[in-house]
Amino acid sequence: MEILFCICWGIFTGGASVWIAQHFFSGQNLTVRRETVLRYSGKSLVKHAFFSERCKNNKIYIWAEGLQIFIMLLLYQQYGFSPLFFGLSFFSILILSIAIIDGERGIIPDSLLGLLGIGAIFFCFFEAERSLFFLLEGFVAGGGVLWSIFLLSHGGMGEGDIKFAAVIGLWLGWEICLLMLFLAFFFGAAAGLFLLQKRKASLQDAVPFGPFLAGAACICCLYGNEILAFYQGVFL
């Protein structure tokens, strides 16, 4: 029964992420989406996430819902149906929406970052380990590292990425946030080398960094403590 709930919850959260990304542009189409454009006026989020018709070529829904099902199953395995499970479900909905928007348009909406930050503060009331000092440390760690890169590279890092990393830090804390940044840079470098090798990009092309931050954040939400413990056991 729990597995079935996780699957249904994953379908809902995946659909919700795409819904948010689509509606952020006030009905403008994402380029990777269904062939038949749906008009969402008057549709509830729940109805859209569960019951809207799908097209065989609607790859973004298949990808988003499949990914969220996988994430929900792993969250349940790690935390059960605890407040942390539902808090991180909210977190995954928004960071997936941001990853879709940044990957598609190259921007990270301040409104979604604000909502993500408010969610982190609200979540403190349900997790005793998360104090305001925990939030502040994570915020400074995430934003500070990328802000330093921005200054040293004279604008080589997008301001949206800086704010996104800072807000992710509110959820992860400073230690896990630094691990998240390391993984994001690693994934970003690997993807950049792959695109260069396949000649699908050049050194002058800008690759959105938001999707790599989102992916690394998901990994760290699930296994950040285990990865740090492994590192400390091997190298310290």
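If you're wondering where the values come from, they're calculated on a predicted model, not measured in any experiment.

Caption draft 1: View of the overall build of the chain. Within the chain, the secondary structure is distributed over nine helices and zero strands. The order of helices and strands in the chain, counted from the N terminus, is α-α-α-α-α-α-α-α-α. For the chain, buried positions account for 44% of its 236 residues. At a minimum sequence separation of 6, the contacts of the chain that also span at least 24 residues come to 74%. Taken as a whole, the chain presents about 12800 Å² of accessible surface, with 67% of it coming from carbon and sulfur.

Caption draft 2: Highlighting the packing of helix α1 (residues 2–24) against helix α4 (residues 83–105). Packing of α1 against α4 brings their axes to within 8 Å, and their N-to-C directions diverge by 40°. The angle between α1 and α4 falls in the class oblique. Viewed along their axes, α1 and α4 form a crossing whose handedness is right-handed. Touching Phe5, Trp9, Thr13, Ala16, Ser17, Val18, Ile20, Ala21 and Phe24 of α1 are Phe85, Phe86, Ser89, Ser92, Ile93, Leu94, Leu96, Ser97, Ile100 and Ile101, all from α4. Of the residues contributing to the contact of α1 with α4, the split by class is 14 nonpolar, five polar and no charged.

Caption draft 3: Here's a closer look at the nonpolar core. If you look at the biggest cluster of nonpolar residues, it comprises 61 residues, and the most contacted ones within it are Phe91, Leu116, Phe164 and Met180. Put simply, the parts of the chain that give this core at least two residues each are α1, α3 (59–79), α4, α5 (110–123), α6 (132–152), α7 (159–172), α8 (174–197) and α9 (210–235). Sequence-distant contacts of Phe91, defined by excluding residues within four places in its chain, comprise Leu116, Ile168, Trp171, Ala217 and Cys221.

Caption draft 4: Examining the packing of α7 against α9 more closely. Here α7 crosses α9 at 10°, and the two axes come no closer than 10 Å. Of the possible angle classes, the one that applies to α7 and α9 is roughly parallel. Facing Asp161, Phe164, Ala165, Ile168 and Leu172 of α7, the residues of α9 in contact are Gly210, Leu213, Ala214, Ala217, Cys220 and Cys221. Taken together, the residues of the contact of α7 with α9 sort by class into nine nonpolar, one polar and one charged.

Caption draft 5: Local environment of α5. In this model, α5 (14 residues) spans 20 Å end to end at C-alpha, consistent with the 20 Å of a helix rising 1.5 Å per residue. Turning to α5, its buried residues number three or more, namely Leu112, Leu113, Leu116, Gly117, Gly119, Ala120 and Phe123. Along the axis of α5, the buried positions cluster into a sector of 155°, meaning they face one direction only. Among the exposed residues of α5, those oriented more than 90 degrees off its buried face are Ile118 and Phe122. Lining the buried residues of α5 we find α1, α4, α6 and α7.

Caption draft 6: Region of the structure containing α4. Helix length check: α4 (23 residues) gives 33 Å between terminal C-alpha atoms against 33 Å at 1.5 Å per residue, within 8%. For α4, the tally of buried residues reaches 17 of 23 residues, placing the bulk of the element in the interior. One or two residues past the end of α4 sits Gly106, with phi positive at roughly 75°.

Caption draft 7: How the structure looks around a nonpolar patch on the surface. Nonpolar side chains collect at one region of the surface, where Ile121, Phe122, Phe125, Phe126 and Leu132 lie side by side and expose about 610 Å² of accessible area between them. Assessed through its relative accessible area of 68%, Phe125 is described here as exposed.

Conventions used here
Residues numbered from 1 in each chain as written. Predicted model: local features only at pLDDT ≥ 70, side-chain atom pairs only at ≥ 80, totals over all residues. Heavy atoms only, no water. Helix = DSSP H or I, 4+ residues; strand = E, 2+ residues; numbered from the N terminus. Buried < 20%, exposed > 50% of the residue type's maximum accessible area, 1.4 Å probe, protein only. Contact = heavy atoms within 4.5 Å. Areas by Shrake-Rupley, 256 points an atom, 1.4 Å probe, with all protein chains shown as cover. Axes fitted to C-alpha atoms, helices over the stretch in contact; angles between N-to-C directions. Parallel < 35°, antiparallel > 145°, perpendicular 65-115°, else oblique. Left-handed = near helix turned anticlockwise from the far one by under 90°. Nonpolar A, V, L, I, M, F, W, Y, C, P; charged D, E, K, R; others polar. Core = buried A, V, L, I, M, F, W, Y, C linked by side-chain atoms within 4.5 Å. Expected span 1.5 Å × (residues − 1). Arc of directions from axis to C-beta. Patch = residues over 30% accessible without salt bridge, like charges linked within 9 Å, V, L, I, M, F, W, Y side chains within 5 Å. Salt bridge = Lys/Arg side-chain N within 4 Å of Asp/Glu carboxyl O.

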